[in-house]
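Listed here are the chains, written in short residue letters.
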Amino acid sequence: MPAAFIGHGNPMNALERNRYTEAWAALGRAVPRPRAVLVVSAHWYVHATAVTAMPRPRTIHDFFGFPPELFDVEYPAPGLPELQEQVADVVAPTWVGADVDSWGIDHGAWSVLRHAFPDADVPVAQLSINALKGADHHFQLGAALAPLREDGVLVVGSGNVVHNLGGVSRAMPDAGFDWARRFDDAARECLLTDPASVTRLDGHRDFDLAVPTPDHFLPLLYLAGIAAATGTTADVLVDGYAYGSLSMTSYTVGMPATPAGGTGVAAPLPDAPPPDAANI
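Residues numbered from 1 in each chain as written. Predicted model: local features only at pLDDT ≥ 70, side-chain atom pairs only at ≥ 80, totals over all residues. Heavy atoms only, no water.

1. Examining the nonpolar core
Link 1 in the chain: Formed by 46 residues in total, the largest nonpolar core has its most connected members in L38, V87, L145, F183, L191, V198 and F217.
Link 2 in the chain: It is helix α8 (residues 218-229) that contributes the most residues to this core, eight residues altogether.
Link 3 in the chain: Beyond its immediate stretch of four places on either side in the chain, F217 contacts N160, V161, F183, V198, L201, F207 and V211.
Link 4 in the chain: Judged by nonpolar contacts, the second largest core, of 43 residues, contains M1, A109, L113 and M248. (Core = buried A, V, L, I, M, F, W, Y, C linked by side-chain atoms within 4.5 Å. Buried < 20%, exposed > 50% of the residue type's maximum accessible area, 1.4 Å probe, protein only. Helix = DSSP H or I, 4+ residues; strand = E, 2+ residues; numbered from the N terminus. Contact = heavy atoms within 4.5 Å.)

In C-alpha cells:
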C-alpha cells in the first residue's frame, strides 16, 4: 500500500473541485483498495498518543465561521477498532491508547477523504499527534508504522508544510510569499532526496515563519519516516500555495506520479472570523 501526506488547506476544499481536490481524488483511484485508512491529522493534537477505536466514528466539524453547508457534511465511514491494537504492536514500546468515545473523523481527515473515497466505504481510524513529543519522535513513529502498508493500511498525514494563519493575504489566493516558497522548496528537496533530513528543517532560516506552531508540520514527518524506513523517497502529488502563507504541496510514497488534472485555486476563506481564529 502506498502512503501519503496531503496539504489540506482550509476545510472548504471538502466542497470544492480544484486542482488540489482532483489530485486527492486521483490518489484514491490509484491506490489498491485499502483495508483501512489511518490518518495522522494536524487537528488531533493532544497530550497523548492514541488511535480511534470506535466502530462508527462521528464526523467532527472542528472549525468556526464557515457556511452551513460545510457543517452539514457527514462522512459516515466505518471505523476499524482492531487497528488500534495493531498500531500498538508495531510501534511498541511506544504506548498507544484506544480512544473509544472522544474523537472521530476531523476535517483534516474528511475534507480529503471525501474526495479520495467519496463513498465513505473504507474504514477510517485516526492516530493522534502527541504534542509532548519532538520531531524525532514523530519521524521514528512514522517509520515504525511502515509495516502496516503490508497489511493494506493506507497511512495518510494531513496538514500543511507551510501553515501561518497570521500571515494570510487574501490578495494572494494562488501564490506564496518568498519565505513560504523557500521553506516549501527546502522540504521538497528533503522528501525527494533524503527523507530523514526533514527533521533538520527546524534549522532553516524561514522555519519560524513557516511553522509558527508544529501541529500542521508534524504529519509530514510520518510520511518521511515511512519513506526512510523502506529506503525510498517521496514523489510530489500536487504542489502550490494559498493566500501567501499556506503550502498546498502533497506527497506520496510507493506510488507512481498520478496525473490529476483540474484547475483553479484552493478553496476561498470565509469572510469571518480571521483565519487564525477559525481553527483551519
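2. Structural notes on the pattern of salt bridges
Link 1 in the chain: Tallying each qualifying case throughout the model produces ten salt bridges.
Link 2 in the chain: Measuring nitrogen to oxygen at the nearest pair gives 2.9 Å for the salt bridge that ties R17 to E22.
Link 3 in the chain: For R17, a relative accessible area of 69% puts it in the exposed group.
Link 4 in the chain: The salt bridge partner of R19 is D174, with a shortest N-O separation of 3.7 Å. (Salt bridge = Lys/Arg side-chain N within 4 Å of Asp/Glu carboxyl O.)

3. Topic: helix α6 (residues 178-193)
Link 1 in the chain: In a regular helix each residue adds 1.5 Å, so 16 residues correspond to 22 Å; α6 covers 22 Å between its end C-alpha atoms and thus fits that length.
Link 2 in the chain: Among the residues of α6, those classed as buried are W179, A180, F183, D184, A186, A187, R188, C190 and L191.
Link 3 in the chain: As for α6, its buried residues are in contact with α7 (207-210), α8, β11 (235-238), β12 (241-242), β13 (246-247) and β14 (250-253). (Expected span 1.5 Å × (residues − 1).)

4. Concerning α8
What sets the pattern is the α-helix's 3.6 residues per turn: residues three or four places apart point alike.
Link 1 in the chain: Between its first and last C-alpha atoms α8 spans 17 Å; for twelve residues at 1.5 Å apiece the expected length is 16 Å, and the two agree.
Link 2 in the chain: Of all twelve residues in α8, ten are buried; the element is thus mostly enclosed.
Link 3 in the chain: Residues of α8 that are buried: L218, P219, L220, L221, Y222, L223, A224, G225, I226 and A227.
Link 4 in the chain: The first or second residue beyond α8 is G231, which carries a positive phi of 65°.

5. With respect to the sheet that holds strand β10 (residues 153-159)
Link 1 in the chain: Strand order in the open sheet formed by six strands is β8-β2-β10-β1-β14-β11, with mixed pairing between adjacent strands. Of all the strands in the sheet, the pair left with one neighbour each is β8 (124-126) and β11. Averaged over all pairs of adjacent strands, the angle between strand axes in this sheet comes to 25°, irrespective of strand direction.
Link 2 in the chain: In this sheet, β10 lies alongside strand β1 (residues 3-7) in parallel orientation, the contact comprising five bridges. In the strand pairing of β10, F5 is matched with G157.
Link 3 in the chain: Of the strands in this sheet, β1, β2 (36-41), β8 and β10 are in contact with helix α4 (residues 107-116), which crosses β2 at around 135°.
Link 4 in the chain: Across the sheet, α8 touches β1, β2, β10 and β14, and the angle it forms with β1 is around 155°. (Pairing = 2+ DSSP bridges. Axes fitted to C-alpha atoms, helices over the stretch in contact; angles between N-to-C directions.)

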